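The lines below spell out each chain.
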Amino acid sequence: MIAQVIVDVAAKQTDRVFEYHVPKELGKVEIGSRVFVPFGPRKLQGFVVGLNTTSQYQGKLKDLLLVVDEMPPLTSELVKLSKDLADNIYSYRISILKTMLPRIMRANYRKILVPNSAKAQKMSLFQGDPLDLTKITDIKQIAAIRQLLRSNDAKVEYLVENKARVKTENEYYLCKTKKEYVSIYESLRANAVKQKQLIMYLIENFNHFPLMQSQIENNTHLNTVSLTNAVKKGWLNKKQIEKYRDPLSDYSRKKNLSKKIKLNKDQKEALNHIVPAIKVKKPRIFLLEGVTGSGKTEVYLNAISATLKEGRNALMMVPEISLTPQMVAQVKSRFGQQVAVLHSGLSEGEVYDEWRRIRRNEVRVVVGARSAVFAPLENIGLIVIDEEHESSYKQEDNPRYHARDVAIWRSKYHYCPLILGSATPSLGSRARAQKGVYQLLRLPHRANKQSLPQVDIVDLKKANYTAGQVDLSTEMVNAIKQRIAKNEQVILMLNRRGFANFMLCRECGYVMKCPNCDLSLTMHKDTNKMQCHYCGYATAIPEKCPNCQSKKIRFLGTGTQKVMTELNQLLPGTRVLRMDVDTTRRKGAFKKILDAFGNHEADILLGTQMIAKGLDFPNVTLVGVVNADTGLWLPDYNASERTFELLTQVAGRAGRAQKKGEVIIQTFNPGHDAVKLAKTQDYERFYQYEMRVRHAGNYPPYFYTVLVSVAAKKEQNAAREAFKIKKWLQPKLHQSTIVLGPTPSAISRLKNKYYYQILVKYKKEDNLNQLLHQIQDSAQKMKKYGLTVYIDNEPERIM
Ligand SMILES: Nc1ncnc2c1ncn2[C@@H]1O[C@H](COP(=O)(O)OP(=O)(O)OP(=O)(O)O)[C@@H](O)[C@H]1O
Ligand SMILES: [Zn+2]
Ligand SMILES: [Zn+2]
């Protein structure tokens, strides 16, 4: 038998299959198995991606060394997926294969020094633990090691560490008859209190054994010491039983969650389309466009039920799940033990356990964030992507995959429907529904028959402020006071995205824009310039407003902490919970804050956009947006879409139950279309409007995009290489294809590297994929000159 292996070295030369002979005594090797193989001087980990009986290779194949796991960690579906994906996202296949596994299973290599001669063997250097070369700092020791290597008395080896640990608990078995225990009891001295207690317990519970250690400890005063002693004395046998860590243990069943909801007409209508597709195994894609609070979750859960009834399993994706602990609780209360969750809020051990439950077919529903799209779930009958517009579904680093694209691939593989749900679908998805590629299903009303909340816009250029305040207008403060007086709750969002710095005039509201592109200019501190990231236009950082000459210009930046202080001064005694990256870093903090708010332990929830989506608190009647402008002028063609989406989503948190909701949006740009359209929360109108803008500007979804970035230590090298790539690429492309740049990236220097980028916008380019692979290949050769090329297919961000 011959195994085709992808080895764990992410480089162009190794990005192919290597063949190894499988020795008979090795046991079962399957597609998807993790193995160890000899590779030059090292032993490497790799994945089996194919099996064959013959080989084209002329020489003698080396032997596989070891199969790591009893059950191959990857299914043959995932192995196949890795190949197609590698082709599409310009990533090495090994990077994708590793991404498919829980982080804890990715191998770590340690460089160690081992003795190579009898003389060396006796040296004190080699006594004890293996000598970790990365940890040696002593100069004398380094010199000594060099000497040993030169004289061949020692050699370097690579030790693979496996961090994945299975959690176990002891189970105890009886190994004597009841009579024998009685006579042991009688033979014990009177002062051997603990031992007598133990034996008595064994006699009394004779018929209940075997018992877990925790069961015994809960019922007696016995501890590990007495149990271990009993094993030593031959009174008991013990076995280690594998245990799963249960990340869902705190999502206890809540009564109000499992109450049966009667579906409304629109929900039923949607399911009338979805359920038949589940039954006949049709890989159809549905776009479920439902306003905020329209009960999309209920549609997902019913569709999942229907899938389980068909004997198939379901995969449900939600944005970084910690965002919606409520959603997890809801799914959990519906499907109980059959559910596994996967997201970055779990400890590595918990992820590993959940993942193994999935791999062993012990669960039927998987709920998870982006990387859960690779869950080794088999027999999938339905995939759901909630909040499908979320940009977090695209991984920003290598491998740059989009969970939606992976889900589409898997839906075709399994012949199962895919539901994309959102109140504000991505323009691309909505456009595909327009063309009939996806089937559009709509929930145009809120589930509780309540109307969408009323939205008021506060123009910050004319706003009044209570003494000394700069962030909260008097209107906002008064509205907050009113709600709190009525014992209702408030959500306040400070929309601060990324690093964007833009120049804004406090006098006239002017924002500095590119004359060619209608995009805001970004401040570059290192070059002292305001730059356009599309066309490369640049100008000096102004000292006064170019529009009205006022000196009152600002490079905006307020933070949640500052607003928190303002709230404390304005509304003493009001209980405020702050939720942002700083307050949620600790594990479980997110859920704690949301639970506290849900229990009305606070009046105001103040946070960044992480509070904008998915939350369902019936007592929230006011939503305030402190500053709607921060995302508006990002140098991205989709800044408008993002702003509309964010404002509509956060507005949707108000008035979701009986009480009517109100929304106040503070902005310097009340005239901006994204803001105006968010006021009516009319997605369909926004879609029509924004499609015209995209059409006029040759942006997606009318054009496909690929971003090629070049990074180098020296700025001129990055620029030169980027120009070279453009010069090589452009003549090979179609007339109608637009190649923009090269321009320096917004953060033109990151980790001491300069970035230059080229944006290719095209309608149809049959050869582009192959050309880009060629660029990637030749880029590999430049690596030694410190140049790196990244290729991002359909980038979410072009900055
Ligand atoms: N048929 C129904 N009858 C009554 N209430 C319902 C019904 N369906 C859903 N609900 C309730 O309506 C509220 C909103 O539902 P859900 O959270 O699913 O909305 P959503 O569409 O996901 O909204 P968003 O996009 O804002 O997250 C929930 O509290 C849910 O329990
Ligand atoms: Zn001005
Ligand atoms: Zn420009």
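No experiment lies behind these values; they were computed from the predicted model shown. (Residues numbered from 1 in each chain as written. Chains lettered and ligands numbered in written order. Predicted model: local features only at pLDDT ≥ 70, side-chain atom pairs only at ≥ 80, totals over all residues. Heavy atoms only, no water.)

> Got a sec to walk through the overall build of the protein? Specific residues and values, please.
Counting its secondary structure elements, the protein contains 23 helices and 33 strands. Per-residue burial for the protein yields a buried fraction of 54% across its 799 residues. Long-range pairs, those at least 24 residues apart, make up 75% of the contacts in the protein with a sequence separation of at least 6. Of the accessible surface of the protein, which amounts to about 37400 Å², a share of 49% is contributed by carbon and sulfur atoms. (Helix = DSSP H or I, 4+ residues; strand = E, 2+ residues; numbered from the N terminus. Buried < 20%, exposed > 50% of the residue type's maximum accessible area, 1.4 Å probe, protein only. Contact = heavy atoms within 4.5 Å. Areas by Shrake-Rupley, 256 points an atom, 1.4 Å probe, with all protein chains shown as cover.)

> Please set out the coordination of the zinc ion (ligand 2) residue by residue, giving values where relevant.
Distances from the zinc ion (ligand 2) to its protein donors, C505 (SG), C508 (SG), C545 (SG) and C548 (SG), fall at 2.2 to 2.4 Å. Taken together, the four donor atoms coordinating the zinc ion (ligand 2) span angles of 104 to 114° at the metal, a pattern that classifies the geometry as tetrahedral. For the zinc ion (ligand 2), all donor residues lie on one chain, and their spacing in sequence is C-x2-C-x36-C-x2-C. According to the relative accessible area criterion, C545 is buried, its value standing at 0%. (Donors = N, O, S within 2.8 Å, 3.2 Å for Na, K, Ca; no water. Tetrahedral: all angles 85-135°; square planar, octahedral: opposite > 155°, others 65-115°.)

> I'd like to hear about helix α15 (residues 427–434), residue by residue, with values.
Burial analysis of α15 places six of its eight residues in the buried class, the great majority of the element. Where α15 is buried, its residues touch β12 (285–290), α14 (403–414), β17 (418–422), β18 (439–443), α19 (639–651) and α21 (683–696).

> Tell me what's going on with the pairing of β17, and back it up with residues and numbers.
Burial runs high along β17: five of the five residues are buried. Here β12 pairs with β17 via five bridges, running parallel. Paired with L287 across the strands is L420, a residue of β17. With α14 bridging strand β16 (residues 380–385) and its parallel neighbour β17, the resulting β-α-β unit is right-handed. (Pairing = 2+ DSSP bridges. Right-handed = clockwise from strand over helix to strand, strands pointing away.)

> I'd like a description of the packing of helix α5 (residues 178–187) against helix α6 (residues 193–204), backed by residues and values.
Contact pair α5 / α6: the axes reach a minimum separation of 10 Å and the direction vectors enclose 160°. As judged from the angle between their axes, α5 and α6 are roughly antiparallel. In the crossing of α5 with α6, the sense of the turn from one axis to the other is left-handed. Of the residues in α6, those in contact with K178, Y181, V182, I184 and Y185 of α5 are K196, I199, M200, L202 and I203. (Axes fitted to C-alpha atoms, helices over the stretch in contact; angles between N-to-C directions. Parallel < 35°, antiparallel > 145°, perpendicular 65-115°, else oblique. Left-handed = near helix turned anticlockwise from the far one by under 90°.)

> Pulling in residues and values, what's your account of α14?
For an α-helix the count is 3.6 residues per turn, leaving residues at separations of three or four pointing the same way. With twelve residues, α14 extends 16 Å between its outermost C-alpha atoms, agreeing within 8% with the 16 Å of an ideal straight helix rising 1.5 Å per residue. By the criterion of burial, α14 is predominantly enclosed, with nine of the twelve residues buried. The secondary structure elements touched by the buried residues of α14 are α1 (76–89), β12, β13 (313–317), β16, β17 and α15. Of the residues flanking the end of α14, it is Y415, one or two places downstream, whose phi is positive at about 55°. (Expected span 1.5 Å × (residues − 1).)

> Explain the UniProt feature "binding site: Zn(2+) 1" (unreviewed entry) in the protein to me, and be specific about the residues and the numbers.
The UniProt record annotates "binding site: Zn(2+) 1" (unreviewed entry) at C505, C508, C545 and C548. Spatial clustering of the annotated residues is evident: they stretch over 44 residues in sequence, but the largest pairwise C-alpha distance comes to 8.6 Å. C505 has contacts with Y510, C545, C548, S550, K552 and I553, leaving out every residue within four places of it along the chain. Within the fold, C545 resides in the loop between β24 (538–540) and β25 (553–555). With residues near it in sequence (within four places) discarded, C545 still touches C505, C508, Y510, S550 and I553. (UniProt positions renumbered as here; feature names shortened; annotations may be inferred.)

> A description of the UniProt feature "binding site: Zn(2+) 2" (unreviewed entry) in the protein should follow, citing residues and the corresponding values.
Sites flagged by UniProt as "binding site: Zn(2+) 2" (unreviewed entry) map to C514, C517, C532 and C535. Checked against the element boundaries, C514 lands in the loop between β21 (503–505) and β22 (522–524). The class of C514 is buried, set by a relative accessible area of 4%.

> Break down the side chain of T75 for me, with residues and values.
Checked against the element boundaries, T75 lands in the loop between β5 (66–67) and α1. Taking relative accessible area as the criterion, T75 reaches 6% and is therefore assigned buried. When residues no more than four places from it in sequence are discounted, the contact partners of T75 are R359, P376 and E378.

> Describe the packing of aromatic side chains, naming the residues involved and giving the relevant values.
Within this structure, the stated rule accounts for eleven aromatic pairs. Between the aromatic rings of W409 and Y413, the centroid separation amounts to 5.4 Å while the plane-to-plane angle is 15°, which identifies the pairing as stacked. Placement of both W409 and Y413 in helix α14 is noted, with a separation of four residues, approximately one turn of the helix. Assessed through its relative accessible area of 18%, W409 is described here as buried. Each ring, one from F644 and one from F686, has its centre 4.1 Å from the other, and the planes form 0°; the classification is stacked. With F644 in helix α19 and F686 in helix α21, the pair connects residues that are 42 residues apart, well separated along the chain. Clustering of aromatic rings is evident, with ring pairs tying together F644, Y683, F686 and Y687. (Phe/Tyr/Trp six-rings, centres within 6.5 Å; stacked < 30°, edge-to-face > 60°.)

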